[in-house]
Amino acid sequence: MTLPKLVKDYIDKLKELRELGKDPFKIKKFEKDAYASEIREKFSAIEAGEETDYKVKIAGRLLSKRKHGGVIFADLKDPSDKIQLVFRKDYTDDFKMLRLVDRGDIVGVSGVVIKTKRGELSVLVKSWTVLSKALRPLPDKWHGLEDVETRYRQRYVDFIMNEESRECFILINRVLHLIRNYLNENGFIEVYTPILQPVYGGAFARPFETYHHFLEEKMYLRIAPELYLKRLLVGGFEKVYEFAPCFRNEDVDSLHNPEFVQLEFYWAYIELNQLMDFIEEMLESVVRELTGDTKLEYQGKTIEFKRPWKRLRMVDAIKEYGGPDVEALSDEELFRIAEELDIHEERRGEIIEKLFDYYVKDHLVNPTFVTHFPLDISPLAKRIDGYADRMELYIAGMEVANGFSELNNPIEQYMRFKEEEDLRRKSDKKGLETMPMDKDYVRALEYGMPPASGVGIGLGRLFMILTNKTTLREVIAFPTLAREEKIDVIPELYPEVLDWYE
RNA sequence: GGGCUCGUAGCUCAGCCAGGCAGAGCAACGGGCUUUUAACCCGUUGGCCGCGGGUUCAAAUCCCGUCGAGCCCGCCA
């Protein structure tokens, strides 16, 4: 049946409920006193056919309705579980009016707990109320909603139909609590820093641009909170963190969404190795809390989070996994090798990083810290042995975190920004992959920032690993999609309903 | 940016290769049924075949374009 015709039936039922003085949309509350899961816990042991006199009031969405003449069965879903409702002609109030109740409606019922002859724990309903009328049909009760596009566009339907989707976000919530508690217990304070920024920084990425009309200023949505969090270190905060929504105006794929959340934290007076120790402890404890174990199954692979994690220098990693010994190569040789692999970059460091991606990345299944990054692609990090004192954490072949010993020398920081500017001028690229000069940040460092280490953790990717998903979109409730060209809504399909609620 | 795949009823799908009346199940509607659980039985309704062009006597089907989505590659820390 075409949508407008299907909707007609629902609208007619709504109309009839209104005429009976039972307009669901006029109702403001329902006093529930139980959840499906509680009923199940307390009464699962009763006998088939047993009818208790234990009264309950529950509410939720009807997922199915089975009519048998004098008895109607329905399944009600609340956030805790599902439970069967039984309506009986000789017991339930307004039995005939149940024809106005559809699968998909939100209902509140009161009744007693029973177990049917077939052994299904149920609520035998005495009185019932439609608390919200569904004006659109739910997807197929057996196959549910499978279309990936519709699942993301109309996530609300996905959450109704696919319990796994809902559970994923409940698990994510637990992870957020575990991480937040861990940081709080270790003396970190949670802060918020600007999302609208006059100068973007803290990462290499193309920003979203916007305009502030009152200030008459071009503004950017932040690509990272980093530079502001380090200003807080200057201000005397020793341990800070932020769950930071970030925005990058770049391509979308299973590992990238234009808006995503990073956890960044900074810790004054510690060096990078101590930071890596802390990250290991934190994530190992999160996994232990979640699973009771340090192992995790991800897409058929076992990931072992037990400390200590492997740490290796980027150049050693390239050698170890079959690539060249880049430290032994001149620039000419390195560029020639890169060309052979179809790698075309302007900076030596970028080539080394590409070689790492090419030879190594996919092999790093267990959590692994890759350290000693090329300096020229790390303008915010301190030095160590001619490299940047920087690490990236790889898990399941994915870059999950990026941290370094923070550069706190304002003079060197100024020069690094300058080099980025020069590179942008010389580059034949769009010039978006360099970091702009941030003089206020340099000025902040001029007041003195303590030595510190900090990290940004891509929470979406971490959630993917912890929830065993293959795409970021599954762990983002409303992933970014192209605009839908035309959306039919019921007041436009059936304008007469507009008169009902003037 | 390149390659591959998909788009048919509210949902899940068949039909496309090899052009010939647009189909099924679920949902909805009417009837039956007082213990079902993908309830069942009888009957009914329901289509911009993503959109636009082309080829053809004839296009859901073949061709071109386009929009949306998915996967892979490239790019993006």
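Scroll up a little and you will see the structure.
Bear in mind that the values here come from a model prediction, so they are computed numbers and not experimental data.

Peer 1: Can you help me understand unusual backbone geometry in this one?
Peer 2: For residues that are not glycine, phi is negative in most cases, and the peptide bond is trans in most cases. Residue P308 is reached from R307 by a cis peptide bond, and omega for that bond is -5°. Position of P308 among the secondary structure elements: in the loop between β13 (301–304) and β14 (310–313). Backbone geometry places D94, a non-glycine residue, at a positive phi of 50°. Secondary-structure assignment places D94 in the loop between β3 (82–88) and β4 (106–115).

Peer 1: Before we go on, may I ask you to explain the protein's contact with RNA strand B in this structure?
Peer 2: Taken together, 50 residues form the shell around RNA strand B, and within it T2, R88, R118, K141 and E250 come nearest. Of what RNA strand B places within 4 Å of the protein, 54% of the atoms are sugar or phosphate. Within the backbone of K67, one N or O atom sits 2.9 Å away from a base nitrogen of RNA strand B. One nitrogen or oxygen atom from the side chain of R153 is found 3.2 Å from a sugar or linking oxygen belonging to RNA strand B. Every element with two or more residues in the surface near RNA strand B is listed here: α1 (3–19), β1 (51–67), β2 (71–77), β3, α3 (148–153) and α10 (348–359). The residue inventory of the surface near RNA strand B, partitioned by class, reads 14 nonpolar, ten polar and 26 charged.

Peer 1: How should I be thinking about the sheet that holds strand β5 (residues 121–132) in this particular structure?
Peer 2: Either a parallel or an antiparallel arrangement is found when strands of a sheet pair, and the pairing is made through backbone hydrogen bonds. An order of β1-β2-β3-β5-β4 is seen for the five strands of this closed barrel, with the pairing classed as mixed. For this sheet, the mean angle separating the axes of adjacent strands, direction not counted, is 50°. Of the strand pairs in this sheet, β2 and β3 are connected by seven bridges, and their pairing is antiparallel. Pairing of V71 across the sheet is with R88, part of β3.

Peer 1: What am I meant to see in α1 here?
Peer 2: In an α-helix there are 3.6 residues to a turn, and that puts residues three or four apart on one side. Compared with an ideal rise of 1.5 Å per residue, which puts 17 residues at 24 Å, α1 spans 24 Å between its outermost C-alpha atoms and is within 8% of the ideal. Turning to α1, its buried residues number three or more, namely V7, Y10, I11, K13, L14 and L17. Where the residues of α1 are buried, they touch β5 and α14 (490–493). The first or second residue beyond α1 is G21, which carries a positive phi of 75°.

Peer 1: Just to check I follow, could you spell out the packing of helix α5 (residues 163–185) against helix α7 (residues 272–291) for this structure?
Peer 2: Packed helix pairs are characterised by how far apart their axes lie and by the angle those axes make with each other. Direction vectors running N to C along α5 and α7 enclose 140°, while the axes themselves pass 10 Å from each other. Relative to α7, α5 is oriented oblique. Crossing angle aside, the handedness with which α5 passes α7 is right-handed. Here α5 contributes L171, R174, V175, L178, I179, Y182 and L183 to the contact with α7, which in turn contributes F278, E281, M282, S285, V286, E289 and L290. Among the residues forming the contact of α5 with α7, the class breakdown is ten nonpolar, one polar and three charged.

Peer 1: Would you mind going over the side chain of N257 with me for this structure?
Peer 2: Of note, N257 is situated in the loop between β10 (239–247) and β11 (259–268). Sequence-distant contacts of N257, that is, excluding residues within four places in its chain, are made with V252, L472, I476, P479 and T480.

Peer 1: Explanation requested: the packing of helix α11 (residues 410–426) against helix α12 (residues 439–446) in the structure shown.
Peer 2: Two elements in contact, α11 and α12, have axes whose closest approach is 9 Å; the angle formed by their N-to-C orientations is 165°. One way to sum up the angle between α11 and α12 is to call them roughly antiparallel. The chirality of how α11 crosses α12 is right-handed. Taking contact as the criterion, the partners of P410, Q413, Y414 and F417 in α11 are, on α12, Y441, V442, L445 and E446. Looking at the contact of α11 with α12 residue by residue, the classes come out as six nonpolar, one polar and one charged.

Peer 1: For this particular structure, what's the right way to read the pattern of salt bridges?
Peer 2: When their charged atoms lie close together, side chains carrying opposite charge are able to pair. Enumeration over the complete set of coordinates arrives at 48 salt bridges. Here K8 ties to D12 by a salt bridge, and the two come within 3.1 Å at their closest N and O atoms. With a gap of four residues between them, K8 and D12 both fall in helix α1, about one helical turn apart. We classify D12 as partly exposed; its relative accessible area is 32%. As a salt-bridge pair, R347 and E420 come within 3.0 Å of each other at their nearest N and O atoms. Note that R347 is positioned in the loop between α9 (331–340) and α10 and E420 in helix α11, a separation of 73 residues in sequence. Given the relative accessible area of 9%, R347 is considered buried. Exposure remark for E420: the relative accessible area of 3% places this residue in the buried category. Here the salt bridges share partners, and the residues they tie into one network are R313, D316, K319, D325 and E327.

Peer 1: Sorry if this is basic, but what is going on with a nonpolar patch on the surface here?
Peer 2: On the surface, a cluster of nonpolar side chains totalling about 310 Å² of accessible area is made up of I411, Y414 and M415. Assignment of secondary structure puts M415 in helix α11. Residue classification places M415 among the partly exposed residues on the basis of a relative accessible area of 45%.

Parameters and conventions
Counting restarts for each chain: residues are numbered from 1 in the order of the written sequence. Whichever chain is written first becomes A and whichever ligand is written first becomes 1, with later ones labelled in order. Only residues with pLDDT of at least 70 get local features here, since the model is predicted, and only at 80 or more are side-chain atom pairs given and counted; chain-wide, interface and lining totals rely on the full set of residues. Only heavy atoms go into the side-chain values, all of them from the structure, while hydrogens and water stay out. Secondary structure elements are taken from DSSP: a helix is a run of H or I of four residues or more, a strand is a run of E of two residues or more, and numbering for both begins at the N terminus. One heavy atom within 4 Å of a molecule or strand makes the whole residue count as near it. Two N or O atoms count as a polar contact when they lie within 3.5 Å, although within protein this holds only if one can serve as hydrogen donor and the other as acceptor, and sequence-adjacent residues are included solely when both atoms are side-chain atoms. Three residue categories are used. Nonpolar comprises Ala, Val, Leu, Ile, Met, Phe, Trp, Tyr, Cys and Pro, charged comprises Asp, Glu, Lys and Arg, and polar comprises the others, including Gly. When DSSP finds two or more bridges between two strands, those strands count as paired. In this description, a line fitted to the C-alpha atoms serves as the axis of each element, helices being fitted only across the stretch in contact, and the angle between N-to-C directions of two axes falls anywhere from 0 to 180 degrees. In this scheme, a helix's expected span is set at 1.5 Å multiplied by one less than its residue total. Relative accessibility under 20% of the residue-type maximum defines a buried residue, over 50% an exposed one, and the middle range a partly exposed one, all with a 1.4 Å probe and only protein chains included. Two residues form a contact once any of their heavy atoms are found within 4.5 Å. Roughly parallel here means an angle under 35 degrees, roughly antiparallel means over 145, roughly perpendicular means 65 to 115, and every remaining angle is called oblique. In this scheme the handedness of a crossing depends on how the near helix is turned from the far one: anticlockwise by less than a right angle means left-handed, clockwise means right-handed. In what follows, salt bridge is the name for a side-chain nitrogen of Lys or Arg lying within 4 Å of a carboxyl oxygen of Asp or Glu. Patch members must show over 30% relative accessible area and no salt bridge, and they are joined within 9 Å when carrying like charges or within 5 Å when they are nonpolar side chains of Val, Leu, Ile, Met, Phe, Trp or Tyr. Accessible surface area values rest on a Shrake-Rupley calculation with a 1.4 Å probe, where residue burial reflects the displayed protein chains alone.

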